[in-house]
Protein chains: 2
Amino acid sequence: MSGRTLDHVALVVADLKEAEQLYTVLGFDVRYRERVADQGVDIVGMSAGDETIELLKPLDPASPLERFRGDHRTRLHHVAYRVADIEVELARLSDAGLRLIDQHPRRGAHGNLIAFIHPSSTGGTLVEVCQPPAD
Amino acid sequence: MSGRTLDHVALVVADLKEAEQLYTVLGFDVRYRERVADQGVDIVGMSAGDETIELLKPLDPASPLERFRGDHRTRLHHVAYRVADIEVELARLSDAGLRLIDQHPRRGAHGNLIAFIHPSSTGGTLVEVCQPPAD
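Visitor: I tried to follow the side chain of Glu-54 of chain A on my own but got confused; where do I start?
Guide: Locating Glu-54 of chain A in the fold gives a position in strand β4 (residues 51–58). Residues in contact with Glu-54 of chain A, not counting those within four places in the same chain, are His-8, Val-9, Ala-10, Leu-11, Tyr-32, Ile-43, Val-44 and Ala-109 of chain A.

Visitor: Is there a simple way to explain the pairing of strand β3 (residues 41–48) of chain B in this structure?
Guide: For a regular strand, side chains alternate in direction, first toward one face of the sheet and then toward the other. All names here are of chain B. With 8 of 8 residues buried, β3 lies mostly within the body of the structure. Where strand β2 (residues 29–36) meets β3, 7 bridges bridge the pair, whose relative direction is antiparallel. Paired with Val-36 across the two strands is Val-41, which belongs to β3. With antiparallel pairing between neighbouring strands as the criterion, β2 and β3 make up a hairpin whose turn holds 4 residues, including Gly-40 at a positive phi of roughly 70 degrees. Count of turn residues in the β3/strand β4 (residues 51–58) antiparallel hairpin: 2 residues, of which Gly-49 carries a positive phi of about 65 degrees.

Visitor: What is the right way to read the interface of chain A and chain B from this model?
Guide: Many structure descriptions define interface size as the accessible area lost when the parts assemble. The partner chain B presents 41 residues to the 41 residues of chain A that form the contact. Note on chain A versus chain B: buried area summed over both sides is about 2900 Å², and carbon and sulfur give 64% of it. Remark: the boundary between chain A and chain B carries 0 salt bridges. Applying the counting rule to chain A against chain B returns 16 residue pairs in polar contact (both at pLDDT 80 or more). Elements that contribute at least two residues to the side of chain A that touches chain B include exactly β1 (5–13), α1 (16–25), β3 (41–48), β4, β5 (74–82) and α3 (86–95) of chain A. It is β5 of chain A that contributes the most residues to the side of chain A that touches chain B, 7 residues altogether.

Definitions and limits used
- Residues numbered from 1 in each chain as written.
- Chains lettered and ligands numbered in written order.
- Predicted model: local features only at pLDDT ≥ 70, side-chain atom pairs only at ≥ 80, totals over all residues.
- Heavy atoms only, no water.
- Helix = DSSP H or I, 4+ residues; strand = E, 2+ residues; numbered from the N terminus.
- Contact = heavy atoms within 4.5 Å.
- Buried < 20%, exposed > 50% of the residue type's maximum accessible area, 1.4 Å probe, protein only.
- Pairing = 2+ DSSP bridges.
- Buried area = accessible area lost by both parts, 1.4 Å probe.
- Salt bridge = Lys/Arg side-chain N within 4 Å of Asp/Glu carboxyl O.
- Polar contact = N/O pair within 3.5 Å; in protein donor to acceptor, adjacent residues only side chain to side chain.

Rendered as structure tokens:
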């Protein structure tokens, strides 16, 4: 349980190029650009050491992500932490009484397996569990 | 400019013990508990590898942080990245045309020097620059 690390921090953004340029000015480098059709987003991942700042742009303007963003050009959306075995972690969280959005993992960016904890169990902040692909 | 790393992700929380317990259940360990009078907050820092999840509880119920939190028990507040020399970084950002809340650094948790970039220059997301104390 110890040595927990973050995987990424995600922002919903109005314009990917604009947001990428901002984080480039701040000194971050682009790690990847990817469309994750399953989640309905284009993602630019900015490298932050072992972590990533994920800039998310919904493909559908009617996406709940766009409603979440509202009038902001960028808005912090979720935090993700990394585990070695996401199925084990989801079972553990469920046993601890936490409500999960995803009972089983789904596909995230670049081969990650991901699942979201329900905000009702985290005081309103969206928290993601993430298992990176085996090398 | 390369090799940029995050320092912490901060959440405003309604109750520090409640939030600390949640992040403990998620697998994070407490790194520090500190009152930062200059910023008017009690902070619990949860260890996330080299980064920290900072749980912030304003000392004053009338704090703008509390208004930001609103009806949520927890709400993502800002992201901080780490630099070796914050004065150099603030000058660089200013030269790049970004508006700063703090022209010069002030004191953050455990000896960090910190400064905030104005949200009008970051699309609405609060971004902090942070210089850890020399060892």
